[in-house]
Structures are given as structure tokens and as C-alpha cells.
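# Architecture and fold: a report
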Amino acid sequence: MTADPATTPAAAPGAPAAAAPGAEYADTASAAYRSILQIIETIEPRIADATRKELADQRDSLKLIASENYASLAVLLTMGSWLSDKYAEGTVGHRFYAGCQNVDTVESVAAEHARELFGAPYAYVQPHSGIDANLVAFWAILATRVEAPALAEHGVKHVNDLSEADWEKLRNKLGNQRLLGMSLDAGGHLTHGFRPNISGKMFHQRSYGTDPNTGLLDYDAVAAAAREFKPLIIVAGYSAYPRRINFAKMREIADEVGATLMVDMAHFAGLVAGKVFTGDEDPVPHAHVTTTTTHKSLRGPRGGLVLATEEYAPAVDKGCPMVLGGPLSHVMAAKAVALAEARQPAFRAYAQRVADNAKAFAEGLLKRGARLVTGGTDNHLVLLDVTSFGLTGRQAESALLDSGVVTNRNAIPADPNGAWYTSGIRFGTPALTTRGFGPDEFDRVAELVVDVLRNTTPEGSSKAKYTLAEGTAERVRAASAELLAANPLYPGLTL
Ligand code: DSN
């Protein structure tokens, strides 16, 4: 059985029995990394140095970035192989290059784990990132809903068989479709139709937001927007919305207006995999196409994947080379390992703890007087409105970083400070939960965060400059060091 990776036994009372995850191969991994770093050192010492320092930095800071995690040593080591050297455009059994039999195995195994883990009819594991996965999904929906019917109408099988005039008409039609997604300041992602992003240029786009009083998704408002706008695609999913979504309701809305429901579950894929989100909260049975990254709450290598119904599978399968460059076979191998880990019972315990920890953290902030968007959380992330501390997101992010707390600033709904300075800080629990933190530790982390923010003062009217009261950073770093030492990252790994 694969041990729970990257972490150490949790110190908190009541923590799930920990299996010293990854500890059984820490010696082997240490030897491997020492050798690798020695080799790199002889060629480009600055890279060896940066690699060593990154481990030290990750070990020594409170990582609260909602989209980050710590992959297991098995996942990390899997990426460092000659699988990287093989070109394999195309897909399993249909490659544009000879000699892809081992890549076929890698891609098949990763896709099999993805299908089994998420209960999806079809999985495509090639996307290099979440944005790539979304581009593949957009392309597949356009190909299925717009291009294929046009080809059938003209009685041809391929776009090259169309006359120049018919091709021009089809191109105009492909470029004239509508997409409805969650607005960026309500928590949606850049690729959900944000104008400066390619998704906002590929499609006529409209956004749905959240209720201005509660901060919650208003399904009636989404339905009204869908009825009026009649989009080809409705995108559900978020990167900064601290609540769950009812995907059955979103599918009802999509069906009513004839839209394809695409769900971007990049942030919460780990909670879906770990069966924290089930029934109406599990997007996979409800969406036509589901996309995700593999490195956030899912705790795999950096990358993306697409799940689809049979209807959309053939178009998704052509993602490379239509949308993507050649697959990264070494990363697909690491996805297979991570997905196999996520199918272990320990991953379900981990996912539940991610959600429990987010609640404990939110409560810890609330009881110390903080204001949270939506008043709390029921997923893995918390969005703190820092205007209650008289700060911008930029000032808060920097003061927290000075104190060893790594976060990112984030816009809040109707943000008065815009998308650069922002008024929010987004926190997430996946990474520190992997280290073994439990609710008690997260309450302590909330105390440290509030300590920093209460002791930060803006400088004049600047939205970026601030003063951190003397001694704050040192006090917080010392307290964090105790928590981090009790929950070490990659225990037993020495470089
Ligand atoms: N960068 C990811 C995040 O932080 O949510 C989304 O692209």
C-alpha cells in the first residue's frame, strides 16, 4: 500500500493515525537527491543551489497558498526520468511518432486511475496545466457542438474538404459563440471568460457573480443570466470562492438553455477525489466536461487533466496536437503515481482533514474579529477581507511574508482596490494538512495571522507600503517554527 506522502505523523491530539508517510523510502530518496544535486552542481551550481534553497524555504514557512501542496517523494522522483525525452504527439495507439509503446503504457495507466478515481467515462491526462486543460475543453466543445454539425451539414468529414467560402463561414461561427462563467472578483478563474484572457477573446462572454449581501452563489441569478444570454458553454468552478457548488442545479440550468456544462474543479479536485464532495457537490456526474489541475488539493505533479462524457471524448482525445504541444510523458507518469495515491483510503482521511482544517482556521479568524467573504468556508479555502485591518491585500501579503507566512492577495467581490492591490488574502489548507497540521494547529495559525495584521500599519496613502511593528515578524516566525518542527516536511529527507 502506498503510504500517505510528504508528511509526518500529525502531532495534534485526535489526529488520524499517521503512517510516517514517505518515511519508509526517505533514505533512498535522500541518496537519489544527493546524487542528482551533485551532478547538477558540476554543470550549473546555481540551479543546484536554488533547488536546495527551495526545500529549505518550503520547510521553514507556513505555506497557506490555496493552490499549492507538497507532492510525495514518489511523485517528485517519478518526474526525473528519460520518459521526458520521448515525443508522443497524438494519443494512446495513435501517435505521430514511432516507438511510443512505453508512453502508451504510462498514459493508459494514468487515464485508468483518473477514470476510476473520479468515476468518469473518459479521462485525458496530457494537459500541461489547468489553463491547457481548459483550452482543450473549449476546443472540444466547439468541435463537438459547432464544427461537427457543420461538417455533417456539408456532407464532409474534415475541415480540409470544405470550400473556402464554407470554411470561412464555419470559422466565423466558431468565433462567434457565447460563454457564461463566474466573474473573477466573485472567485472565478481568468480562463472563465475574463476579458483580458484568451477565453474572453475567443467567446462573447458574460459573467455571473455572487449575492452582494451573502457573497454566495445565487442560482436564480445564474439561471436568469443563462436564459437571457443563451450561452453555448456555462463554466462552473472557482479559484477563490470559499463555498461548495450544487452542480446538479448548474446542470439543470445548462440543460434548460441547451448549454454544455463545463466544470473547472482545479481547486477542489482533491475534495472530489477524497469523497468530501459527493452527490450534487461532485461535478463529474453532472458536467459534460470537467477539467482540473493535478497539483493543488489533488497533491500530484504540476499538470492538468480533462474528464468527459462519451459525447465529448473523441474531440478531447485530439487535444494534442490540436491545442497542446507534445505530452510530457514523465509528468503523465507522475500523474499516474499521484492518482494511485489518491485512490488509497489515506487520501480520503486527508481530504476530510483539509476541509475540517479550513473550518477551524476560518473560526479561528472569525473569533479574533476578522471579516471573511461569505462569513466562513465549507471547502479548502478562506478569503479574508483585510480592509477590516485597514490594509490592502498587497500590504497584508507582504507583512505576512515578512513573518514567514506565505499567502497570496486576492480580489474580493466588488473590490475597491482592484485586481492588483486587492482587498483580500486567500488562504488554503491543503499544504499544511499534508504536513500533518490539524484543527488545533490551524487555530494557532489564525492567531499568528491576526497578530501580523493587527501589527501592520499602512504608510500614508500608499496601497503597497506598510510598517510592521517591531518584533512582530520575529515573534510569529518563532511560533511558526515550533509548529513546523512538530510537522516536518519530507521527514528523513536529507540533502
Ligand atoms: N494559479 C492558480 C491559483 O492560484 O488558483 C489558478 O491558476
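Residues numbered from 1 in each chain as written. Predicted model: local features only at pLDDT ≥ 70, side-chain atom pairs only at ≥ 80, totals over all residues. Heavy atoms only, no water.

Basically, it comes down to this: UniProt positions are given in the numbering used here, feature names are shortened, and annotations may be inferred rather than shown by experiment.
An unreviewed UniProt entry lists the chain under the name Serine hydroxymethyltransferase, with Mycolicibacterium hassiacum given as the organism. Quoted straight from UniProt, the Subunit (unreviewed entry) entry for the chain says "Homodimer." According to the UniProt record, the Sequence similarities (unreviewed entry) comment for the chain reads "Belongs to the SHMT family."

## Let's talk about the overall build of the chain
This is how it is decided: Note on conventions: DSSP H or I runs of at least 4 residues are helices, E runs of at least 2 residues are strands, and numbering of each starts at the N terminus. Relative accessible area decides the class of each residue, using a 1.4 Å probe on protein chains only: under 20% of the type maximum gives buried, over 50% gives exposed, and in between gives partly exposed. Contact criterion: two residues are considered in contact whenever any of their non-hydrogen atoms come within 4.5 Å of each other.
Across its full length, the chain carries 19 helices and 17 strands. If one aligns the C-alpha atoms of the chain with their principal axes, the spans along those axes are about 75 × 55 × 40 Å. Residue burial in the chain is summarised as follows: out of 495 residues, 56% are buried. If you take every contact in the chain between residues at least 6 apart in sequence, the share linking residues at least 24 apart comes to 74%.

## What to know about the pairing of strand E12 (residues 381–385)
Under the convention used in this document: Pairing between two strands is assigned when DSSP locates at least 2 bridges connecting them.
Among the five residues that make up E12, five are buried, leaving the element largely enclosed by the rest of the structure. Burial along E12 is two-sided: the face carrying Leu381, Leu383 and Asp385 and the face carrying Val382 and Leu384 are both buried. In the sheet, strand E11 (residues 371–372) pairs with E12 via two bridges, with the strands oriented antiparallel. Counted as the bridge partner of arginine 371 is aspartate 385 from E12. Of the pairings in the sheet, the one linking E12 to strand E15 (residues 424–428) comprises five bridges and is antiparallel in character. From the neighbouring strand, valine 382 faces E15, where its bridge partner is phenylalanine 427.

## Let's talk about the nonpolar core
Stated precisely, the cut-off is as follows: Within this scheme, the nonpolar core is defined by two criteria: the residues are buried Ala, Val, Leu, Ile, Met, Phe, Trp, Tyr or Cys, and they are joined through side-chain atoms within 4.5 Å.
Counting residues in hydrophobic clusters, the biggest one holds 60 residues, and the most contacted among them are Phe118, Ile234, Met250, Met265, Phe268, Leu298 and Leu307. Element by element, the count of residues in this core is highest for helix H4 (residues 101–118), at seven residues. Setting aside its immediate chain neighbours within four residues, phenylalanine 118 contacts Met265, Ala269, Val272, Ala273, Val284, Leu298, Leu307 and Leu339.

## Description of the site of the ligand
Quick reminder of the rule: Here, proximity means that at least one heavy atom of the residue falls within 4 Å of the molecule or strand. We call two N or O atoms a polar contact when they sit within 3.5 Å, provided that within protein one can donate a hydrogen and the other can accept it, with sequence-adjacent residues counted only if both atoms are side-chain atoms. Exposure was quantified through the Shrake-Rupley algorithm and a 1.4 Å probe, taking into account, for residues, occlusion by the shown protein chains and nothing else. Residue type decides the class: Asp, Glu, Lys and Arg count as charged, Ala, Val, Leu, Ile, Met, Phe, Trp, Tyr, Cys and Pro as nonpolar, and the leftover types, Gly among them, as polar.
If you check the shell around the ligand, you find Ser67, His189, Ser239, His267, Lys296 and Arg426 and nothing else. Serine 67 places a polar side-chain atom, nitrogen or oxygen, 2.7 Å from an oxygen atom of the ligand. Arginine 426 is positioned such that a nitrogen or oxygen atom in its side chain is 2.7 Å from an oxygen atom of the ligand. Here the ligand has 230 Å² of accessible area as a free molecule, and 63% of this is covered by the chains. Looking at the shell around the ligand residue by residue, the class counts come to no nonpolar, four polar and two charged.

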